[in-house]
Amino acid sequence: MLTDKEIQSAIRDGDEAVMGRIMVKYAKLLWGVASAVLYGNAGDADVEDVVADAFVYFWEHPERFEPDRGKLSSYLAMVVRSRAIDRYRQITRKREVPLEEDAVMIHFEPLAGIVAKEESRKVRECLNSLNEEDREILIRRYYHEQKPREIAKALGIPKRQVENRLYQAKIKLRKQLKIYDD
């Protein structure tokens, strides 16, 4: 078998036979990495696409692999992991956030800690009084337990803006709830 440097050189020269051997040798490893990242969120077709994307990336950019810094298997695993994370984000961005408030309220207890369970209707009404974007951010954060960075990526806005909107939306909810109590 060729060394990693020889493989890189062969790929640079467009040697399809070497690329074919690489694909056979590492397909199972890359499939496992992609499956682990996408587990429960994507089907086999998505995993297959991610693995194929990783091989295409290596074929098109063999110079980005640095044999002196690590093994080809590690590099390809890193590439497929990155592609799988991108696919995961793409999949979650496409999903609609369900607005079934009864299910949401179970997860809003930390947010509405000052409100007893019997006042959940008031919280739902207050939540519905928010604009759709703020409501979606709150639901993504507290119902889907997404991190601000994931929310920002899914909505295409800066992480700082997500954090600010979460903060402001919680203030609005508290004010609305106080109005109810007065």
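An account of the accompanying structure is given in this report. In this text the structure is predicted, and so the values were computed from the model without any measurement.

### Some points on the overall build of the chain
Here's step 1: Within the chain, the regular secondary structure consists of 9 helices and 0 strands.
Here's step 2: From first element to last, N terminus to C terminus, the chain shows the α and β order α-α-α-α-α-α-α-α-α.
Here's step 3: By residue count, 36% of the 182 residues in the chain fall in the buried class.
Here's step 4: Long-range pairs, those at least 24 residues apart, make up 64% of the contacts in the chain with a sequence separation of at least 6.
Here's step 5: Surface exposure of the chain reaches about 11,200 Å², of which carbon and sulfur atoms provide 48%.

### Comments concerning a positive patch on the surface
Here's step 1: Together, Arg-89, Arg-93, Arg-149 and Lys-153 make up a region of like positive charge exposed at the surface.
Here's step 2: At the level of elements, helix H4 (72–94) and helix H8 (148–155) are the ones that each hand at least two residues to the positive patch.

### What about the side chain of Gln-8?
Here's step 1: Looking at the element boundaries, Gln-8 is found in helix H1 (residues 4–12).
Here's step 2: Of the polar contacts made by the side chain of Gln-8, one reaches the backbone oxygen of Phe-65; its length is 2.6 Å.
Here's step 3: With near-sequence residues (within four places) excluded, Gln-8 lies in contact with Pro-62, Glu-63, Phe-65 and Pro-67.

### Focus on the side chain of Arg-135
Here's step 1: Along the chain, Arg-135 falls in helix H7 (residues 132–142).
Here's step 2: Despite its burial, Arg-135 pairs with no opposite charge; the closest candidate is Glu-132, at 4.8 Å N-O.
Here's step 3: In terms of polar contacts, Arg-135 uses its side chain to reach the backbone carbonyl oxygen of Leu-130, at 3.1 Å.

### Re the packing of H1 against helix H2 (residues 16–38)
To describe two helices that pack against each other, one gives the angle between their axes and the distance between the axes.
Here's step 1: In contact at an axis separation of 8 Å, H1 and H2 are set at 130 degrees when each is read in the N-to-C sense. Between H1 and H2, the interaxial angle falls into the category oblique. The handedness of the crossing between H1 and H2 comes out as left-handed. Contacts between H1 and H2 involve Ile-7, Ala-10 and Ile-11 from the former and Val-18, Met-19 and Ile-22 from the latter.

### Here we look at the pattern of salt bridges
Here's step 1: If you walk through the whole model with that rule in mind, you get 11 salt bridges.
Here's step 2: Asp-53 is the partner of Arg-87 in a salt bridge, and the nearest nitrogen-oxygen pair spans 3.8 Å. With Arg-87 in helix H4 and Asp-53 in helix H3 (residues 44–60), the pair connects residues that are 34 residues apart, well separated along the chain.
Here's step 3: On the accessibility criterion, Arg-87 (13% relative accessible area) is buried.
Here's step 4: Looking at Asp-53, the relative accessible area reads 34%, which means it is partly exposed.
Here's step 5: Here the residues in one salt-bridge network are Asp-46, Asp-49, Asp-53 and Arg-87, joined through shared partners.

Cut-offs used in this document
Residues numbered from 1 in each chain as written. Predicted model: local features only at pLDDT ≥ 70, side-chain atom pairs only at ≥ 80, totals over all residues. Heavy atoms only, no water. Helix = DSSP H or I, 4+ residues; strand = E, 2+ residues; numbered from the N terminus. Buried < 20%, exposed > 50% of the residue type's maximum accessible area, 1.4 Å probe, protein only. Contact = heavy atoms within 4.5 Å. Areas by Shrake-Rupley, 256 points an atom, 1.4 Å probe, with all protein chains shown as cover. Patch = residues over 30% accessible without salt bridge, like charges linked within 9 Å, V, L, I, M, F, W, Y side chains within 5 Å. Salt bridge = Lys/Arg side-chain N within 4 Å of Asp/Glu carboxyl O. Lys, Arg positive; Asp, Glu negative; His and termini not counted. Charge placed at Lys NZ, Arg CZ, Asp CG, Glu CD. Polar contact = N/O pair within 3.5 Å; in protein donor to acceptor, adjacent residues only side chain to side chain. Axes fitted to C-alpha atoms, helices over the stretch in contact; angles between N-to-C directions. Parallel < 35°, antiparallel > 145°, perpendicular 65-115°, else oblique. Left-handed = near helix turned anticlockwise from the far one by under 90°.

Any functional reading would require information beyond the geometric quantities listed.
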